[in-house]
Amino acid sequence: MLIAQLTDTHIRRPGDLAYGVVDTAAYLEAAVAHILALDPAPDAVIVTGDLTDFDDPREYDRFHAITAPLGAALFPIPGNHDSSAGLLAAFPQIAARCAGARVNYVVEDFPLRLVMLDSTVLGRPHGQLGEDGLAFLDAALAAAPDRPALVAAHHPPFLTGIRHMDVQNLFDAAALEAVLRRHPQVVAFTCGHVHRAVTTSFAGIAATIGPAPAHSVSLALDPAAPPTFHMEPPSLSLHRFAEGRLVTHRSFIGSFSGPHPFFGPDGKAIGTPARTA
Ligand SMILES: [Fe+2]
């Protein structure tokens, strides 16, 4: 099973640039083309929040128009730039999977269960799963203790060292850790929000932040550094689930020289120096 992870696409209304400079729609178009060119094709595409920049219906419409070629296996959760209600209104097929006003749902269609969590706090940049979200997660995992699961939310439950992002991460991380530790079938946790590829462990399992398909938050580990971004090479996470293990690759979006063969028709590595007497 292959899962592509888009995150923090920050789509604006037509004609608008994010922060006055980033044509996020063009970057999303490139990311969609990249996913469509993957061989084998991913079974599912998860979108870990901040689909839009301002939770505007026209931004969701534009997101839909750009991602339509990906088909139905698209599983979004909101970020702090979206809202639960805005996302549910824009994705009726996701609303049908959710029991209430929060975007908490489980995708049961694949060998790896996808437990998608709503970590948004309306009008605030930080995240919180809340009692309801934590109870949902606990019950969802308890319902299928023998089926491996990937848990996803927008906000990271750990510090990255990028201070201006760390102060707006998941505030109930300790409670999330307690739930995850009760369910050893969870193979990994993934999230977004930081616009960088980050890897650590959390609750004893692998934890990743999906990289940005557009602007990256600057890798600024000085606590006094101001909040800035760089236009680093766009990329996405490609998660491969096989033999009970989730392996996360970083797939760069763009055209690069290659593929170049390692070996020639004679079976020898190309460019092997001739043996001298
Ligand atoms: Fe965010």
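Let us look at the structure shown here. (Residues numbered from 1 in each chain as written. Predicted model: local features only at pLDDT ≥ 70, side-chain atom pairs only at ≥ 80, totals over all residues. Heavy atoms only, no water.)

We now examine the sheet that holds strand β9 (residues 186-191). Sheet architecture is open: six strands sit in the order β4-β5-β8-β9-β11-β10, paired in mixed fashion. Since the sheet does not close on itself, it has two edges, and those belong to β4 (105-107) and β10 (198-202), each with one partner. Going from strand to strand, the sheet's axes swing by 20° on average, the running direction of each strand aside. Along the sheet face, helix α7 (residues 173-181) touches β8 (149-152), β9, β10 and β11 (205-209) and points at about 65° away from the line of β10. (Pairing = 2+ DSSP bridges. Helix = DSSP H or I, 4+ residues; strand = E, 2+ residues; numbered from the N terminus. Axes fitted to C-alpha atoms, helices over the stretch in contact; angles between N-to-C directions. Contact = heavy atoms within 4.5 Å.)

Bringing helix α2 (residues 57-67) into the picture now. Each α-helix winds once per 3.6 residues, and so residues spaced three or four apart point in a common direction. Looking at α2, one finds that the buried residues are Glu59, Tyr60, Phe63, Ile66 and Thr67. For α2, the angular spread of buried residues about the axis comes to 125°, placing them on one side. Exposed and oriented more than 90 degrees from the buried face of α2 are Pro57 and Ala65. For α2, the elements touching its buried residues are α1 (24-37), β2 (44-48), β3 (74-77) and α3 (84-90). (Buried < 20%, exposed > 50% of the residue type's maximum accessible area, 1.4 Å probe, protein only. Arc of directions from axis to C-beta.)

Octahedral six-donor coordination of a metal ideally yields angles of 90 or 180 degrees, compared with 109.5 degrees for tetrahedral four-donor coordination. Asp50 (OD), Asn80 (OD1), His154 (NE2) and His193 (ND1) make up the full set of protein donors to the iron ion, lying at 2.2 to 2.3 Å. Classification of the site at the iron ion as irregular follows from its four donor atoms and the range of 81 to 173° in their angles at the metal. Look at where the donors of the iron ion fall in the sequence and you get D-x29-N-x73-H-x38-H. Linking asparagine 80 in the loop between β3 and α3 with histidine 193 in the loop between β9 and β10, this pair joins segments that are 113 residues apart in sequence. (Donors = N, O, S within 2.8 Å, 3.2 Å for Na, K, Ca; no water. Tetrahedral: all angles 85-135°; square planar, octahedral: opposite > 155°, others 65-115°.)

By themselves, these are just geometric observations and shouldn't be taken as functional.
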